[in-house]
Amino acid sequence: ITDVEAGTAFSKALEKHPQVFSTVFTSLVGAGEVSGTLDASLERLANQQEKDADIVSKVRGAMVYPAVVLVVMFAVVGFMLVSVLPQVKVLYDGLKGAQLPLLTRVLLAISTALIKYWWIVAIVVAILAVFGSRWFRTMGGKRAVDKAKMRAPLVGPLFMKMYMARFARTGSTLIASGVPLLQMLDITGKSVNNVYITDSITRAITQVKGGKSLADSLEGDPNFLELVPNMLRIGEQSGSVEEMMSRTADYYEKEVDQQIKTINTIIEPMLMIVLGIVALIIV
């Protein structure tokens, strides 16, 4: 407010606070100021952010259930190793000639190591957590995580569709607000939140500057699903890129919903099988 009162444009005042206002936000506000349609730009921004938040929430929700089950499983196995199995060893120690099964002896060895050297395990875990968290914030860590998201079995297609929906929705919103194509691509590349897709968009920007169409620039790129350049080509030929990107976003948002339902259907029996195997080993 102070900057605006001093004569600074609203969008320029927001750019001074990048930790609060994203590039998409400030660009839409700037486009609205220039075109005199700030109210429409803010409405488009609100709709875009609501849809993006909704899709991210659904993806996170799909990951919560298996994560909780796996945490509980490891907690139960840990309790068995440090509390129950040592009692089995004491029970059989008094029997002459008794020979425990190989699997039981292996688990008992792990149990003994955890009980005697728990502090070493705690230090190793703490070191891995600290250095792991730092590594994930490096470019190499981000690339490894982003690649895993895109290529992982079962959830890889889900993340790819989420990225396509985010690219198309953000691009449609920016174009509707009057943001130029190259600036739209630059902003969208930063908002997709995946290093590899950002790289692909950066390459596309270079090709578009050289006179190539956006659809041709993205066609054949392994980081983009085939439907995206096809829809962009239709939009470029018909002069309705904004509409085609909006329809693409709608399509992939529905696909994400369906993919989440499919994952939830598949993952429950898979987790039951895993829990059954672990229970069988313990027994």
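See the structure above.
Everything numeric here is computed off the predicted structure, so don't read it as measured data.

Some words on the side chain of T188
Summarising the element assignment, T188 is placed in helix α9 (residues 181-191). The exposure class of T188 is buried, given its relative accessible area of 0%. There is a polar contact of 2.7 Å between the side chain of T188 and the backbone oxygen of M184. Leaving out residues up to four positions away in the same chain, T188 has contacts with F167, T170, G171, L174 and I201.

With respect to the packing of helix α5 (residues 102-116) against helix α6 (residues 118-136)
At their nearest, the axes of α5 and α6 sit 4 Å apart, and the two run at 80 degrees to each other. Put simply, α5 runs roughly perpendicular to α6. Touching A113, L114, I115 and K116 of α5 are W118, W119 and V121, all from α6. Residues of the contact of α5 with α6, tallied by class, amount to six nonpolar, no polar and one charged.

What to know about the packing of aromatic side chains
Applying the stated criterion across every chain, the model contains four aromatic pairs. Both rings, one in W135 and one in F136, keep their centres 5.2 Å apart while their planes meet at 55 degrees; by these two values the pair is tilted. Aromatic side chains F167 and F224 sit 5.1 Å apart centroid to centroid with 80 degrees between the ring planes, which places their arrangement in the edge-to-face category. Taken together, the positions of F167 in helix α8 (residues 156-176) and F224 in the loop between α11 (214-218) and α12 (227-238) put the pair 57 residues apart, joining distant regions of the chain. It is R143 that lies over the ring of Y196; its NZ or CZ is 5.3 Å from the centre.

As for α8
Here α8 contains 21 residues, and its C-alpha end-to-end distance of 30 Å stays within 8% of the 30 Å for a straight helix at 1.5 Å per residue. Across the 21 residues of α8, 18 count as buried, placing the element largely inside the fold. Two residues or fewer past α8, G178 is found with a positive phi of approximately 90 degrees.

Quick word on the nonpolar core
Grouped together as the largest cluster of nonpolar side chains are 43 residues, with contacts concentrated most on Y163, M164, F167, L185, I197, I201 and F224. Elements supplying a minimum of two residues to this core: α3 (23-35), α4 (38-93), α8, α9, α10 (195-209), α11, α12 and α13 (241-282). Broken down by element, this core gets its largest block of residues, nine residues, from α8. Apart from the residues lying within four places of it in its own chain, the contact partners of I201 are F167, L185, T188, G189, V192 and F224. Listed in part, the five residues of the second largest apolar core include L81, L85, L100 and L107.

Considering the pattern of salt bridges
All told, the structure shown has nine salt bridges when counted by the stated rule. Here R233 makes a salt bridge to D216, at a shortest N to O gap of 2.6 Å. Remark: D216 occurs in helix α11 and R233 occurs in helix α12; sequence separation between them is 17 residues. Ionic contacts of the salt-bridge type, sharing partners, join the residues R169, D250 and E253 into one network.

What counts as what
Residues numbered from 1 in each chain as written. Predicted model: local features only at pLDDT ≥ 70, side-chain atom pairs only at ≥ 80, totals over all residues. Heavy atoms only, no water. Helix = DSSP H or I, 4+ residues; strand = E, 2+ residues; numbered from the N terminus. Buried < 20%, exposed > 50% of the residue type's maximum accessible area, 1.4 Å probe, protein only. Polar contact = N/O pair within 3.5 Å; in protein donor to acceptor, adjacent residues only side chain to side chain. Contact = heavy atoms within 4.5 Å. Axes fitted to C-alpha atoms, helices over the stretch in contact; angles between N-to-C directions. Parallel < 35°, antiparallel > 145°, perpendicular 65-115°, else oblique. Nonpolar A, V, L, I, M, F, W, Y, C, P; charged D, E, K, R; others polar. Phe/Tyr/Trp six-rings, centres within 6.5 Å; stacked < 30°, edge-to-face > 60°. Lys NZ or Arg CZ within 6 Å of the ring centre and 35° of its normal. Expected span 1.5 Å × (residues − 1). Core = buried A, V, L, I, M, F, W, Y, C linked by side-chain atoms within 4.5 Å. Salt bridge = Lys/Arg side-chain N within 4 Å of Asp/Glu carboxyl O.

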